[in-house]
Amino acid sequence: MAAAQVEGRSSTGSERREHVQGRRIRIQGTVQGVGFRPWVYRTARQTGVAGRVRNDSAGVTIEAFADDARLSRFMDALHFPPPAAHILAFDFTVIDPEPVTDFVIVPSDVVVERRVSIPPELATCDDCVGEIFDPADRRYRYPFTNCTNCGPRFTIARDIPYDRATTTMAPFEMCPACRREYEDVADRRFHAQPNACPVCGPRLTLHAHDGGLIDVDDPIASAAEALSHGLIVAIKGIGGFHLACDATSDGAVRILRQRKHRDEKPLAVMVKDLRAAAALVDVDDEARRLLTSVERPIVLLLKRGSVNAHVSECVAPRNRLLGVLLPYSPLHHLLLADAGRPLVMTSGNLSDEPIAFTNDDAVTRLGEIADLFLLHDREIVTRADDSVVAIVDGRGTVLRRSRGYVPRAVTLARGFARPVLACGALLKNTFCVGAGASAWLGPHIGDLENLETYESYTSAIARMETFLQVHPDVIAYDMHPDYLSTTYAKSRPERIKIAVQHHHAHIVSAMAEHGLDGPVIGLAYDGTGYGTDGTMWGGEVLVASAAGFERAATFRPIALAGGDHAIREPWRVALALVLDACGGDLPAEALEMLGDVPVREIDLICQFLRAGGPAPLARGVGRYFDGFGALFLGRTRASFEGQVALEWNQAADPRMGRSYRFALDERDGCCEVDLRPAVRDALLDRVHGEPVSTIAAAFHNTLAEATAAVVRRTVKRVGALPIVASGGCFQNARLAEGVRAALAPEHTVLLQQSVPPGDGGIALGQALIADAQAGI
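Residues numbered from 1 in each chain as written. Predicted model: local features only at pLDDT ≥ 70, side-chain atom pairs only at ≥ 80, totals over all residues. Heavy atoms only, no water.

Caption draft 1: Highlighting the environment of T346. Following the sequence through the fold, T346 ends up in strand 13 (residues 343-347). Placed 79 residues apart in sequence, T346 and L267 show a C-alpha to C-alpha distance of 6.0 Å. Ignoring anything within four residues of it in the chain, the contact list for T346 reads F241, H242, L243, L256, K260, R262 and L267. Among the polar contacts made by the side chain of T346, one reaches the side chain of R262 at a distance of 3.3 Å. (Helix = DSSP H or I, 4+ residues; strand = E, 2+ residues; numbered from the N terminus. Contact = heavy atoms within 4.5 Å. Polar contact = N/O pair within 3.5 Å; in protein donor to acceptor, adjacent residues only side chain to side chain.)

Right, here's the structure in full:
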């Protein structure tokens, strides 16, 4: 019969019928828009299997028919999918054989595809890169070359299912050659929705700073020449605009910083390949994997000693790390090849604004920054900043989850009882839509502190709800009453709204990533978060599940004289630490270490603090980083969030194992970590001439040992539970690795990797907590 007519069998028809078997194979993960079904088709043909493949509500289902040996080879091959696909679950059942003679791709149903993973952007594959550099190829130097293994996806999608008609490629009618590729199941461009060529696809143009068209033969070559002469070029990419300049030129980088109002915050550098990256930073196996992954994030890596011979010190001043990324679009590959040098590639915006993503908006907002614009006529629907990854404890940890990762779903061990929208936090905002066994984190929005960013936030939520066809029953939001995300949540029409404590959400986000139901012992260390008592938390050890938590420990609070001014001027935090540790006295050596602060200002704040003036009390571990860094590095002012803490972390000698004293006090059933002895010890070290690197290392080691002491104390009280760590402080590799080491080998601390440990991942925890509490 049909299934027995598969090529290569020599037995009789009756024998073949007896040996044919059936399997229904179910695969879950990112399997739509990544060439998965055509790949399954080709694999089936190669292994001599008949049947069909289709999308369904959970992922992909394959019904396969052949003898046992061929089915085994086919199923083994399915575990090695195309690089852009991500298999999260694979199972099969035995079914009766059917009289089929071929393997086919079954058309998708619109309703079914609503919940299939929407594909993220995919870095240009090697085959397409080869084509754009091959003078004999019809796509030679074509900046919009793509196939089913690479190219734009989410950023050009208007609706689901992901089909050309529902993307911004709809206006570009394929030429006969592209159409043949698109319809040939054996071609790697089979159903590649953005498929195009110079004859029928989008076009690139060069423009002056005011938007006027500049007539040139090759816009990319002209832009590269301009960059080599120190000009700034705004480049329309995959998810929005970059501002680019020559990364080797001090002058060009300084001009970009001045125009963009970005004084010291590090800038990312794009290099053409791994060899160029290795000239700038240390590239180990994990770094290599991250840099060349299909997500193609910015990877934060240690600078090499020779880095200043290749990149301006102005790119990442006073920073041992450099953010490096490789080209992820054909335009980038061509531009880097033509420029012949590393290029700064930073977000196309003024500081604190969302990135520009339309041509008109870019010319309006970036015209005072850029000298030239490299524009194209393929519309971007959804903004997507570059993602950022750091290496913590030897593994990649996503710090900013956006292009390349969004909207890939987080698959949960336990599904949602009802659809939930979680609105995220104030800083580094992302939102989360939860339904069934999946949670979709939205793209990085940024800090919700102005109207432009708020509008970007609300439109991104509406677009995600449309894509997923999810209508939330429950709205989750941060407990802080003044966050714009809270204001948005309260304006929604849904009846059930649940306020979630900030650090509880951090911990449940980590639990979700590791498939834990709880309870767990959770470490949530960050700068600040609104507590249930109305004060600022941030050094929290909680015994938690999604349904609730108990506060097991916290840190002694620091008075923030001037409120938020103390975060921008961390010398105020340093002063509060010293006065608290020294009984209200200000040692002469501490005054000298704050030398660039006028004595009059120091006297005023001292008087205020000694008098017990009204100042917010903050328990955030991040504030301790700020205070110690301001005091011992002389960094009395911060130009961006987390700057002083980052520099204090990088000042630590990695070889130094000593630590300072600390105390654990019991207050109202909650253990309080008291670092006043550590402040006194550090000041004494400074008097004795110990280097700052030793003091910084001892500070980190003290935090790790204090954390371990609190965890062991909690285990004695509640028993052995899984331990998870989350919050922005655990983006600090030295602290995260130190805490893990201090608790080893008897306890393992689970860190976050695929979901940001900072506020960019908090919405996932909010969604799960709201779902659990809505049912109580």
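Caption draft 2: Fine view of the sheet that holds strand 4 (residues 86-95). Ordered by their spatial adjacency, five strands build an open sheet running 4-1-3-2-5, and the pairing between neighbours is mixed. Both edges of this open sheet fall to strand 4 and strand 5 (103-105), since each of them pairs with a single strand only. With strand direction ignored, the average angle separating the axes of adjacent strands in the sheet is 15°. Both strand 1 (residues 21-30) and strand 3 (residues 60-66) contribute to a ladder of seven bridges, which runs antiparallel. Bridged to R24 within strand 3 is E63. Lying on the sheet, helix 2 (residues 36-47) is in contact with strand 1, strand 2 (50-55), strand 3, strand 4 and strand 5; it crosses strand 5 at an angle near 175°. The strands touched by helix 3 (residues 68-77) are strand 1, strand 3 and strand 4; relative to strand 1, the strand with the most contacts, the crossing angle is about 5°. (Pairing = 2+ DSSP bridges. Axes fitted to C-alpha atoms, helices over the stretch in contact; angles between N-to-C directions.)

Caption draft 3: Geometry of the side chain of S293. Topologically, S293 is positioned in the loop between helix 10 (285-291) and strand 11 (298-302). Classification of S293 by relative accessible area gives buried; the value is 12%. Looking at S293, its side chain comes within polar contact range of the side chain of E295, at 3.2 Å. (Buried < 20%, exposed > 50% of the residue type's maximum accessible area, 1.4 Å probe, protein only.)

Caption draft 4: Structural detail: empty space enclosed by the protein. All chains considered together, the criterion is met by five cavities of 30 Å³ or more. The computed volume of the largest cavity comes to approximately 160 Å³. What lines the largest cavity is a set of 23 residues, and nearest its centre among them are P152, I238, S329, P330 and R378. Per element, the largest residue contribution to the lining of the largest cavity is three residues, and it comes from helix 11 (residues 330-339). The residue inventory of the lining of the largest cavity, partitioned by class, reads eleven nonpolar, eight polar and four charged. (1 Å grid on protein atoms, 1.4 Å probe; cavity = no way out; pocket = protein on both sides within 12 Å on 5 of 7 lines; lining within 4 Å. Points joined across faces, edges and corners; volume = space filled by probe spheres on them. Nonpolar A, V, L, I, M, F, W, Y, C, P; charged D, E, K, R; others polar.)

Caption draft 5: Broad picture of the packing of helix 20 (residues 621-633) against helix 23 (residues 692-718). Where helix 20 meets helix 23, the axes come as close as 11 Å, and the angle between the chain directions of the two elements is 165°. As the angle between them shows, helix 20 and helix 23 are arranged roughly antiparallel. Crossing handedness for the pair helix 20 and helix 23: right-handed. Only V692, I695, F699, H700 and L703 of helix 23 make contact with helix 20, whose side of the interface consists of V621, Y624, F625, F628, F632 and L633. Of the residues contributing to the contact of helix 20 with helix 23, the split by class is ten nonpolar, one polar and no charged. (Parallel < 35°, antiparallel > 145°, perpendicular 65-115°, else oblique. Left-handed = near helix turned anticlockwise from the far one by under 90°.)

Caption draft 6: Spatial organisation of the sheet that holds strand 21 (residues 474-478). Strands sit in the order 17-20-19-18-21-22 across an open sheet of six strands; the sheet is mixed. Each of the sheet's edge strands pairs with one partner strand only, and the pair in question is strand 17 (410-411) and strand 22 (496-500). Across three bridges, strand 18 (residues 420-422) lies against strand 19 (residues 432-435) in antiparallel orientation. Along strand 19, the bridge assignment pairs V420 with G434. Strands strand 18, strand 21 and strand 22 of the sheet are contacted by helix 14 (residues 484-491), whose axis makes an angle of about 160° with strand 21. Strands in contact with helix 25 (residues 762-774) are strand 17, strand 18, strand 19, strand 20 (438-441), strand 21 and strand 22; relative to strand 21, the strand with the most contacts, it is inclined by about 130°.

Caption draft 7: Looking closely at the layout of surface pockets. Reported here for the second largest pocket is a volume of approximately 640 Å³. Looking at the second largest pocket, it is lined by 26 residues, and the ones nearest its centre are H86, E295, Y405, R408 and S754. Where the lining of the second largest pocket is concerned, the elements lending two or more residues are strand 4, helix 10, strand 16 (395-400), strand 17 and helix 15 (502-513). No other element matches the three residues that strand 4 contributes to the lining of the second largest pocket. In terms of residue class, the lining of the second largest pocket is made up of 14 nonpolar, seven polar and five charged.

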